[in-house]
Structures are given as C-alpha cells and as structure tokens.
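This is what each chain is made of:
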Amino acid sequence: MSSRLITEIGFGVIVFSAVALWVASHLAPRKVPPLPRVLSVLMRKRSTRIALVLAWWWVGWHFFVQS
Amino acid sequence: MAVSSSEGHPAGYSRGRLAVDLPVAGLVIAAFAHGIRGAPADAVIFFAAAVLLLVTERHGHAPDDPLGAPARLPALPLIAVVVLVALVFGRQTVPMLLTVSAIGIGALAVEWREPSLPPARRGPARGWVWVALALAWCVWELVAFIYEQAAGGLSMTHPTMSDLVDPMLGNRVVQALALAVWMAAGLAMLRAAAAARRSA
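Residues numbered from 1 in each chain as written. Chains lettered and ligands numbered in written order. Predicted model: local features only at pLDDT ≥ 70, side-chain atom pairs only at ≥ 80, totals over all residues.

*Asks:* Residue-level account of the overall build of chain B, with values.
*Replies:* Scanning chain B from N- to C-terminus turns up seven helices and two strands. Along chain B, helices and strands appear, N-terminal first, in the series β-α-α-β-α-α-α-α-α. Counting only residues that meet the buried cut, chain B has 27% of its 200 residues in that class. Considering only residue pairs separated by 6 or more positions, chain B has 71% of its internal contacts joining residues 24 or more positions apart. (Helix = DSSP H or I, 4+ residues; strand = E, 2+ residues; numbered from the N terminus. Buried ≥ 20, exposed ≤ 12 C-beta atoms within 10 Å, placed from the backbone. Contact = placed C-beta atoms within 7 Å.)

*Asks:* Explain the packing of helix α1 (residues 22–36) of chain B against helix α2 (residues 40–59) of chain B residue by residue, including any values.
*Replies:* All names here are of chain B. Two elements in contact, α1 and α2, have axes separated by 7 Å at closest approach and are oriented at 160 degrees. Regarding the angle of α1 to α2, the classification is roughly antiparallel. With respect to the hand of their crossing, α1 and α2 are arranged in left-handed fashion. Of the residues in α2, those in contact with V24, L27, V28, A30, A31, H34 and G35 of α1 are P40, D42, A43, F46, F47, A49, A50, L53 and L54. (Axes fitted to C-alpha atoms, helices over the stretch in contact; angles between N-to-C directions. Parallel < 35°, antiparallel > 145°, perpendicular 65-115°, else oblique. Left-handed = near helix turned anticlockwise from the far one by under 90°.)

*Asks:* Could you give an account of the UniProt feature "transmembrane region" (unreviewed entry) in chain A, naming the residues involved and the relevant values?
*Replies:* Residue and element names in this part refer to chain A. Cross-referencing UniProt, the feature "transmembrane region" (unreviewed entry) maps to residues 6–28 and 49–65 in the present numbering. A helix fraction of 96% and a strand fraction of 0% characterise residues 6–28, whose end C-alpha atoms lie 32 Å from each other. Taken end to end, residues 49–65 is 94% helix and 0% strand, and its two terminal C-alpha atoms sit 23 Å from one another. (UniProt positions renumbered as here; feature names shortened; annotations may be inferred.)

*Asks:* Quick one: what's the story with the UniProt feature "transmembrane region" (unreviewed entry) in chain B, residue by residue and with numbers?
*Replies:* Residues and elements named next belong to chain B. Mapped onto the present numbering, the UniProt feature "transmembrane region" (unreviewed entry) falls on residues 24–55, 67–89, 95–113, 125–147 and 173–194. Each end of residues 24–55 is marked by a C-alpha atom, and these two atoms are 12 Å apart; helix forms 91% of the span and strand 0%. Taken end to end, residues 95–113 is 95% helix and 0% strand, and its two terminal C-alpha atoms sit 27 Å from one another.

*Asks:* Describe α2 of chain B, listing the residues and the values that go with them.
*Replies:* If you check α2 of chain B, its first and last C-alpha atoms are 28 Å apart, about what 20 residues at 1.5 Å a residue would give, namely 28 Å. When α2 of chain B is considered as a whole, its buried residues turn out to be I45, F46, A49, A50, L53 and E57 of chain B. Projected down its long axis, α2 of chain B carries its buried residues within an arc of 130 degrees, all on one side. Exposed residues lying more than 90 degrees from the buried face of α2 of chain B are P40, A41, A48, V55, R58 and H59 of chain B. For α2 of chain B, the elements touching its buried residues are α3 (46–64) of chain A together with α1 of chain B. (Expected span 1.5 Å × (residues − 1). Arc of directions from axis to C-beta.)

*Asks:* Lay out the interface of chain B and chain A with the relevant residues and their values.
*Replies:* The interface of chain B with chain A comprises 61 residues on the first partner and 43 residues on the second. The residue makeup of the side of chain B that touches chain A, split by class, is 40 nonpolar, twelve polar and nine charged. (Nonpolar A, V, L, I, M, F, W, Y, C, P; charged D, E, K, R; others polar.)

*Asks:* Describe in detail α3 of chain A, supporting the description with residues and values.
*Replies:* Over its 19 residues, α3 of chain A extends 27 Å from the first C-alpha to the last, a length consistent with the 27 Å expected when each residue adds 1.5 Å. Taken across its 19 residues, α3 of chain A has 15 buried, putting it largely inside the fold.

*Asks:* Let's hear about the domain arrangement of chain A: which residues, and what values?
*Replies:* In terms of domains, chain A is made up of domain 1 (1–32) and domain 2 (34–67). A straight line from the C-alpha centre of domain 1 of chain A to that of domain 2 of chain A covers 19 Å. (Domains from an automatic or database assignment.)

*Asks:* Give a detailed account of the environment of T93 of chain B, specifying residues and quantitative values.
*Replies:* Within the element layout of this structure, T93 of chain B appears in the loop between α3 (75–88) and α4 (94–112). Taking C-alpha positions, T93 of chain B is 26 Å from L190 of chain B, a pair spaced 97 residues apart along the chain.

*Asks:* Tell me about the packing of α3 of chain A against helix α7 (residues 172–199) of chain B, residues and numbers included.
*Replies:* Orientation of α3 of chain A relative to α7 of chain B, taken along the N-to-C sense of each, is 170 degrees, at an axis distance of 11 Å. What the angle tells us is that α3 of chain A and α7 of chain B run roughly antiparallel. Across the interface between the two elements, R49, L52, V53, W56, V59, G60 and F64 of chain A of α3 of chain A pack against Q175, L179, W182, A185, G186, M189 and A193 of chain B of α7 of chain B. A breakdown of the residues in the contact of α3 of chain A with α7 of chain B according to their chemical character gives ten nonpolar, three polar and one charged.

Here it is in structure tokens:
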C-alpha cells in the first residue's frame, strides 16, 4: 500500500466520519448532538468565532480565488 | 435566515482570557504555516487577525456598552449570488475575488463587533466527537503538509486536502455547487453564533 493511498484513505475516513456523525445527529440528536448545537457553545467566545469564521473564509479564498 | 443578537450585554459578560487563548494561538500557527508554504498574504491576514483580536479583547466593549443592531443575512440570495458568479465568471477571476472578499469581510465584521459571552455551564453531551473529528482532520492535514514541504512543496506521496480537491474544481458547475456548500456552511456557522447570543 503506497503512502499516497494511506493519506487518501485517512482523508476519506475523516470525510466519511463527518457524514456519519451528521446523519447520526439528525437521527438520534440526544446521542450525537447536531454540529450547530456544538458550534453555538464553542462560538460564545469571540476569538473562537473569529478563528472559525476566518478559517471558513480562507477555504473559499484558497479554492476559488487563489490558484 | 436571520442572524440577530441581544441588545445588551448579558449578566456575567467577560473578556477573553488571552493568556491561554487557543484560537489566537491557532491563528498564529496558521500564519506561520502560510508563510512556510509561500503565501505571505495569507500569513499576514491570519497574523493580523490574531493581533487585532488581542487588541480588541483588551480595549473592546466595556461591559455596559450596548451591542450593535441585529444583523440579518439573506441566506438564499447570498447563495444564489455566489452560484451565479461561479457559473458566469468561474473561479480565479476578479468578480470571484470581490465576491469572496466581500463575504469574508462582512462575516468577520458581524462577528467581531459582538463580545465574548460567559462560558456555557454545560456543553452538549458527546459534543467532543465533533471536536475530535476536527482535530483529527487538522492533524492529518498537518502531517501531509509537513511531508509536502519536506518534498519541496509538491508531494505526490502525501497530498494535502488542497492537492486532492483542487483538480475536482475545474468545471464551473462543480465550482458553483462547491461554492453553494461553502456559503451554506458559513451561514450555518453564523446562525450558530447568533443562537449562542440569543441563549445568553
């Protein structure tokens, strides 16, 4: 197994886990809290809000503006 | 979608404890990473955000200052605009630069004017799974990034998320879909922040 494949599998597992958590949080919100509920707790702090918003904005900037 | 805030500070309002402020530290680390990967503009933006946060928290709102008026973000029109820009102009164009820049400045302005709220007494049960997943992604991306830099900036053996996603964005329809998802994610995040303010 090549190192590239291992890297891709790692990202794949993370994406799959995110989708699985998202589905689980909608089917059983008492067992797995929905992401917005977690974010609303984390984003009570201004520095967390700004860091998250900046990270989100940068993703758009990186993929759609930069080469 | 409406993003609103309370009209006044909640009881127990507190400024951030910057001595152990992990988000600020994260911004500085990100700035260094951008510098290493040869993106000085990104490095400056992240470093400036960290410095401005420090200044804002030290000299920001006094506890009795009123907050700004509630902000309302039209979700569907915003998503429609970014989709239209992607379909008509495509990425890496001046209209796209202006659109993404305006959205980012607007979102940061909305969130920057609001102070830190008192910490929640109790977070949602098992909320850590989402945090663990985000940290796992950060660590995996960092490992790939380090390998990529060690390989001279272009790694075929340890690609970063950017290396994997970028080739998929050649088509304008895919760009429009991806941009719509990005916009919706950002709006959901702003909505979550507004929910926190309403509950304070």
